[in-house]
Structures are given as structure tokens and as C-alpha cells.
Amino acid sequence: MKDFKIYNTLSGNKEVFKPIKFDSVKMYVCGPTVYGEPHLGHARPAITFDILFRYLKHLGYKVRYVRNITDVGHLLNDADEGGDKIGEKAKSLQLEPMEVAHFYTKKYHDAMSKLNVDSPSIEPTASGHIIEQIDMINKIINNGFAYEVNGSVYFDVVKYNQTNNYGVLSGRNIEDLMDNTRELDGQSDKKNQVDFALWKKASPEHIMRWSSPWGDGFPGWHLECSTMSCKYLGDEFDIHGGGMDLIFPHHEAEIAQCCAANKKSAAKYWMHNNMITIGGQKMGKSLGNFITLDEFFNGSHNKLKQAYHPMVIRFFLLQAHYRSTIDFSNDALQAAEKGLVRLFNALKTLNNLNPKQHSTIDISDFELKCDQAMNDDLNTPIVLSYLFDLVKIINSVNEGKQDLSIDDINKIKALTHKYVINIFGLSNITQETNSDSIDGLMKLILEIRNTSKINKNWETADKIRNTLNELGIQIKDTKDGATWNYKN
RNA sequence: GGUCGGAUGGCCGAGUGGCUAGGCAGUGGUCUGCAAAACCAUCUACACCGGUUCGAAUCCGGUUCCGACCUCCA
């Protein structure tokens, strides 16, 4: 437990993880804005931090994991007007904004559930914490780090930076930011371009709005995470996670808000997953190449050659380290699918191995090696490589080329269950039959085929094999007779 | 333009100053009436140019290319 290292964006180094309270961990991860179909980009942080959540629990910590739902329509463009995503969607569909948010929240939950992402401990919504956000704004104003103009409230970054470091996380310095920030393309109420909104006055046509001491409006787009993490995890908590694209400005602003309000910088460890690409290209709304999770699951996108089981996507993501970019392509996904099937076939084989008196192969250090890989900043691809070494061993034993004792078989069972099922959250994608009548039918058909084979009636035997194949059922002739399974 | 990261074999993707990552594909084999499946074995590598070192894919410098953020995004 003491050797668990994670990469902290704050320091730029791997650090030994030490929770603030010895036996419990408090973590916060930025969740989705629910205005559109959940897509591949949502899967990466969800799965990365699901693995972390599971691993921390496995290490024996009590974990409180908070992941928000952003259901407040923040401005598309912080500079001035521009619509908000949820509001725009609601207008175009002629729906109440909360109908839009609810619809996509449900879709997100469905997709996460298919990916076997565990539900976090708390999943708060931004709209449910308007009062808390207003309170936090007041704190920041009272501490002198925010100002009100025309019904909007802005964070005074320049003033904040005199006593704090705006840029601790992202490594930016304020002078560069001042130089680089674009010319205002409209009149802005902000004192400086680097300032960001804590509260925005709602224009008459803005449909998502709440009343506040500064008039009708809506909270700024960095505030909810600061507010909700403080509310449920305290002013100081252990881990804050999210995608790398959020480092600046979102997480930088969160730190500033928390310091300005509470004089404490919120999280001790900041963890960021890298992005995904599709065919080597960044996936993004603006590029129009994003593929929704549903499209992956049913193969309906024109860039996909087939449907991919959610577990294939999960497995595929685990084959890369979370801080590397990962490229999605049909070739890579098909490779992952085969690898996943092979892994689970071996686990099935493992249950039927004949133990011998002594093992001819030493498996004693596999668990240690797996643990070490996980402790090294969640190196899931290395763990998988060890698991595939075990696959090879299991198959060799099954072939009679190696022996394993009952003790060692049980050790392997425990180890694979711990990693494959509990920590990685994978499951078998091969369809198992669940119908007695199908089982009986197949048994009959295979018997008839076997009789044909004995009688050297190849025509009938092959017809059975080929027809079943066309129906999606694969016959496998083995030494011990024929078996069958559904093709994926 | 500023800040940061990357370039690994046919594809994906780890890693590291000397010791085979792994998956998929390919090739060879086992099995089979034939095939498929399954299993076993195995080939292809570290962008380019210099430097440090007994030794570099791994460290340092330079070059080229790619990407991320700076603007909504996971």
C-alpha cells in the first residue's frame, strides 16, 4: 500500500501516494457536460479513474469518489455572448433544458454501465448546487479576489497572482497569458482578459437562469467543480482527476477559486488522462470525426468495419497507459478483441486443468510483478503482459507440456480473478448459451454430424458445419469431440 | 507565436543505459477426412545527425516531422 506511486501534474513527477487521512481516500473527477451523445472521449477518463477507484479500494482504502454531472449551460465563449450548449440544444429541440440534460445523463449512465464503469460514490449536478456556488462567489468577493460588473462577477486573476501563483498546475505565467490572449472581439466587462467569470448575467434569451445577489444569471464554467469538491470532500482532499485538456484553464481556475475562497488549494494530487485519437487524428466535435459509444457498440459509424463490444473498448484502453495518447482504428480494435477472447478462453481452461504433484514452472512472483506494475502509476499494459504470460502457461499445462500443482493453480485463479475481474473490471464477451432447448438441439445436431463423419458422409457433415456457420454458430472439432459457440 | 509532450517492428502499444514487454497480423508446426478454431514456436524495432559512455532505442545537443493546450471539448 505504501509503494503506490502516481504521477502528479502539480509536481510533474511520480509521487508516493499518501492520503491525508491514513485509511481513506477522497477523489474528485470532472464528469461530462450532458448536452450530447456520450462518445469515446468520455470513456477514457471514466475508465481510467474507475481503475483507480477499484485499485484504491483493493488496497484497502475507504474511497469517496465524486464525479459531477454538468447540467448547467455554460457559455460557449467566455469573452461575451455566444450560446450555451444545453440551452442551444433545448431550443433546437424545443425542450426544457432539464429534459436535454436528463436525456443525455441517462445515455451517459447507460454507456458507462455497458463499459462496466462503477458508479461513483456521489454524482452531484451543477444545477443542484447553485446556492453553494453563490456562497463561494461571495467568499471570493469578500476575500477581495472578485469584482462585480453589470450583473456579472469576475475572478481577478491579476490580483490573485500577486499573492498566489496562477499557473502552478499548467506551468503558464501570467505575462505570457496577457500577451497571448486574443483581442476582445466585443466590449468586455472584464478588467483583464485573463479574468474569468464566476457568475454571468443572463441575457433575456438565455433560458437557463437562476436568481442571485447580482441579478438573474448562471454560474461560471469552472465554479461547480470547486464548489462540489469542497462540499463533499472538504477544502483539502486527495486526488483530483480529469482529461489533460482540462489542465488549463479549467483546473488552474479551480485551484485559484479554492485558494481565493478557502486559502487551501483543494487537491493534493492532480491526475490527468491523455486524449484519444481516431486514425491518428484528434477526435473532436469541431472536426466532426467523433464516434459515439453507441456507434461503437452497434458498429453503425461509417468508419467502423464492425460493432465492438464495450469490453473490447475497455480492454483496448487498458492496453495503453492512461497518460499516453491512444489511437483507435479497426485493426487495433480487432486485435484487442482477439486478445480479450484469448484471455478469457484461458481463464476457462484454467478451471479444467488437471493438477499434478509438483509444478514444473515457477509462478510465485507473478503477483508481485503485477502489483509493482500497478503501483507504478497504474501501469495496466504491463499487468496485461504478465497476464498473457500466464495465459501461455495455462495453455501449456493444458497441452501437457508443463505441470502445475493444485496450489499454484489456485494461486493463478486468485490472481487472475483479482486483476481481470475485480480491478480491470473485464468480463467475457463470448456468448454463453442460456437455454436448455438450444443446448439439446445442438447436442443432437453434433451427434448427427459425428455419425455422418464416422460413416465418412462428408457431404452431410460439411453441410451441417457450413449452415451453422452461416447462422453465426461455430463448430470446433477437438480431440474430445466437437464443441460449439456463437461467433462474436 | 507562446507553453508542453511525442516519434518504437506490418498494426496497436510498454519499457529502459548492457538482460525476449505484451496483443494482433505474418511464417512454421501440432491437431483434422478436409477446413476452421484452438494451442505451440518464430521473424521484422527503437525518426535523422552529432556527442557522453566499455556499452544508448534509453542520457545530452541539434534537425525534421507529429500532436496537445493557449478557444467549447474527455
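Residues numbered from 1 in each chain as written. Chains lettered and ligands numbered in written order. Predicted model: local features only at pLDDT ≥ 70, side-chain atom pairs only at ≥ 80, totals over all residues. Heavy atoms only, no water.

1. Looking at the protein's contact with RNA strand B
Here comes step 1: In the vicinity of RNA strand B, 53 residues are found, and the nearest of them are Lys85, Met283, Asp327, Ile382 and Asp477.
Here comes step 2: The contact in question runs from a phosphate oxygen of RNA strand B to an N or O atom on the side chain of lysine 338, over 3.2 Å.
Here comes step 3: For RNA strand B, a sugar or linking oxygen lies 3.4 Å from a polar atom in the side chain of glutamate 399.
Here comes step 4: Looking at which element gives the most residues to the surface near RNA strand B, the answer is helix 13 (residues 380–398), with seven residues.
Here comes step 5: Partitioning the surface near RNA strand B into residue classes produces 19 nonpolar, 14 polar and 20 charged. (Near = heavy atom within 4 Å. Polar contact = N/O pair within 3.5 Å; in protein donor to acceptor, adjacent residues only side chain to side chain. Helix = DSSP H or I, 4+ residues; strand = E, 2+ residues; numbered from the N terminus. Nonpolar A, V, L, I, M, F, W, Y, C, P; charged D, E, K, R; others polar.)

2. Remarks on the pattern of salt bridges
Here comes step 1: Scanning the entire structure with this criterion turns up 20 salt bridges.
Here comes step 2: A salt bridge links lysine 106 to aspartate 110; the shortest N-O distance between them is 3.6 Å. With lysine 106 and aspartate 110 both in helix 3 (residues 97–114), this residue pair falls four residues apart, about one helical turn.
Here comes step 3: Where aspartate 294 meets lysine 107, a salt bridge forms, and the shortest distance between an N and an O atom there is 3.7 Å. On the criterion of sequence distance, the pair formed by aspartate 294 in helix 9 (residues 293–298) and lysine 107 in helix 3 is long-range, its members being 187 residues apart.
Here comes step 4: With a relative accessible area of 24%, lysine 107 lands in the partly exposed category. (Salt bridge = Lys/Arg side-chain N within 4 Å of Asp/Glu carboxyl O. Buried < 20%, exposed > 50% of the residue type's maximum accessible area, 1.4 Å probe, protein only.)

3. Things to note about the sheet that holds strand 4 (residues 62–67)
Picture the strands of a sheet paired through backbone hydrogen bonds; they go either parallel or antiparallel.
Here comes step 1: Spatially, the four strands line up as an open sheet ordered 4-3-9-10, and their pairing is parallel. At either end of the open sheet lies a strand with only one pairing partner, and these are strand 4 and strand 10 (266–273). On average, each strand axis in the sheet is inclined to that of its neighbour by 25 degrees, with strand direction left out of account.
Here comes step 2: In the sheet, strand 9 (residues 236–243) pairs with strand 10 via seven bridges, with the strands oriented parallel. Considered in strand 10, the bridge of glycine 241 is made with methionine 271.
Here comes step 3: Strand contacts of helix 7 (residues 223–233): strand 3 (24–29), strand 4 and strand 9, with the helix running at about 160 degrees to strand 3, the strand carrying the most contacts. (Pairing = 2+ DSSP bridges. Axes fitted to C-alpha atoms, helices over the stretch in contact; angles between N-to-C directions. Contact = heavy atoms within 4.5 Å.)

4. Examining the nonpolar core
Here comes step 1: Among the nonpolar cores identified, the biggest contains 91 residues, and Leu56, Ile239, Phe296, Phe328, Tyr419 and Phe424 are the most heavily contacted of them.
Here comes step 2: Examining the composition of this core, we find that ten residues originate from one element, helix 1 (residues 40–58), more than from any other.
Here comes step 3: Residue contacts for tyrosine 419: discarding those within four places in its chain leaves Tyr55, Cys370, Asp371, Met374, Val383, Leu387, Phe424 and Gly425.
Here comes step 4: Membership of the second largest hydrophobic core comes to 42 residues, among which are Ile130, Trp199, Cys259 and Trp270. (Core = buried A, V, L, I, M, F, W, Y, C linked by side-chain atoms within 4.5 Å.)

5. Some points on the confidence of the model for chain A
Here comes step 1: This prediction gives chain A a mean pLDDT of 89; 95% of its residues lie at or above 70.
Here comes step 2: Confidence scores differ between elements of chain A, with helix 6 (residues 174–180) showing the lowest mean pLDDT of 75 and strand 4 the highest of 97.
Here comes step 3: For the stretch residues 77–81, pLDDT sits under 50, and the model shows 13 contacts to residues farther than four places along the chain or on other chains. (pLDDT = per-residue confidence, 0-100.)

6. Regarding the sheet that holds strand 8 (residues 217–219)
Here comes step 1: Pairing is antiparallel in the open sheet, where four strands are placed in the order 5-6-7-8. Taken across any chain shown, the strands that pair with only one partner, and hence form the sheet edges, are strand 5 (146–149) and strand 8. Across this sheet, the average inter-strand angle for adjacent strands is 20 degrees, counted without regard to direction.
Here comes step 2: Where strand 6 (residues 152–155) and strand 7 (residues 196–201) come together, three bridges link them in antiparallel fashion. By the bridge assignment for strand 7, valine 153 is matched with tryptophan 199.

7. Observations regarding the environment of lysine 356
Here comes step 1: Among the secondary structure elements, lysine 356 is positioned in the loop between helix 11 (330–350) and helix 12 (366–375).
Here comes step 2: Considering only alpha carbons, one finds lysine 356 and phenylalanine 297, 59 residues apart in sequence, at a separation of 43 Å.
Here comes step 3: Sequence-distant contacts of lysine 356, that is, excluding residues within four places in its chain, are made with Asp403, Leu404, Ser405 and Ile406.

8. So, helix 2 (residues 85–93)
Helical geometry: 3.6 residues make up each α-helical turn, so side chains three or four residues apart lie on a common side.
Here comes step 1: Ile86, Gly87 and Ala90 are the residues of helix 2 that are buried. The arc that holds every buried residue of helix 2, seen down its axis, measures 100 degrees, which confines them to one face.
Here comes step 2: In the core, the buried residues of helix 2 are packed alongside helix 3. (Arc of directions from axis to C-beta.)

9. Some thoughts on helix 13
Here comes step 1: The terminal C-alpha atoms of helix 13, which comprises 19 residues, lie 27 Å apart, in line with the 27 Å expected from a rise of 1.5 Å per residue.
Here comes step 2: Of the residues making up helix 13, those classed as buried are Thr380, Val383, Leu384, Leu387, Phe388, Leu390, Val391, Ile393, Ile394 and Val397.
Here comes step 3: Immediately downstream of helix 13, the backbone of glycine 400 shows phi near 80 degrees, a positive value. (Expected span 1.5 Å × (residues − 1).)

10. Re the pairing of strand 5
Here comes step 1: As paired strands, strand 5 and strand 6 are joined by four bridges and run antiparallel to one another. Bridge pairing in strand 6 links valine 149 to serine 152.
Here comes step 2: In textbook terms, the turn of a hairpin is the stretch between consecutive antiparallel strands, and for strand 5 and strand 6 this stretch comprises two residues, one of which, asparagine 150, has a positive phi near 50 degrees.

11. Brief notes about the domain arrangement of chain A
Here comes step 1: By domain assignment, chain A separates into domain 1 (5–273), domain 2 (277–423) and domain 3 (436–486).
Here comes step 2: With centres defined by C-alpha atoms, the gap from domain 1 to domain 3 works out at 58 Å. (Domains from an automatic or database assignment.)

12. Concerning the side chain of glutamate 337
Here comes step 1: Topologically, glutamate 337 is positioned in helix 11.
Here comes step 2: For glutamate 337, which is buried and forms no salt bridge, the nearest opposite charge comes from lysine 338, at a distance of 7.1 Å.
Here comes step 3: Residues contacting glutamate 337, with those up to four places away along its chain left out, are Gln306, Ala307, Tyr308, Val312 and Ile429. (Lys, Arg positive; Asp, Glu negative; His and termini not counted.)

13. Concerning the environment of valine 312
Here comes step 1: Here valine 312 lies in helix 10 (residues 310–318).
Here comes step 2: Using a relative accessible area of 0% as the deciding quantity, one classes valine 312 as buried.
Here comes step 3: For the pair valine 312 and alanine 197, spaced 115 residues apart in sequence, the C-alpha to C-alpha distance is 41 Å.
Here comes step 4: If sequence neighbours within four positions are ignored, valine 312 has contacts with Leu333, Ala336, Glu337, Leu340 and Ile429.

14. Here we look at the packing of aromatic side chains
Here comes step 1: Scanning the model with the defined rule gives 19 aromatic pairs in all.
Here comes step 2: The interplanar angle of 70 degrees and the centroid separation of 6.3 Å between the aromatic rings of tyrosine 166 and phenylalanine 248 together place this pair among those described as edge-to-face. Taken as a pair, tyrosine 166 in the loop between helix 5 (157–163) and helix 6 and phenylalanine 248 in helix 8 (residues 247–262) lie far apart in primary sequence, 82 residues in all.
Here comes step 3: Residue classification places phenylalanine 248 among the partly exposed residues on the basis of a relative accessible area of 23%.
Here comes step 4: Ring plane angle 75 degrees and centroid distance 4.8 Å describe the contact between phenylalanine 316 and phenylalanine 328, whose orientation is recorded as edge-to-face. Taken together, the residues phenylalanine 316 in helix 10 and phenylalanine 328 in strand 13 (residues 326–328) connect sequence positions twelve residues apart.
Here comes step 5: Joined through ring pairs, the aromatic side chains of Phe4, Phe17, Tyr55, Tyr61 and Tyr269 make up one cluster.
Here comes step 6: When the ring centre of phenylalanine 248 is taken as origin, the NZ or CZ atom of arginine 172, which lies over that ring, is 4.4 Å away.
Here comes step 7: The positively charged end of lysine 369 is found above the aromatic ring belonging to phenylalanine 366, 5.0 Å away from the centroid. (Phe/Tyr/Trp six-rings, centres within 6.5 Å; stacked < 30°, edge-to-face > 60°. Lys NZ or Arg CZ within 6 Å of the ring centre and 35° of its normal.)

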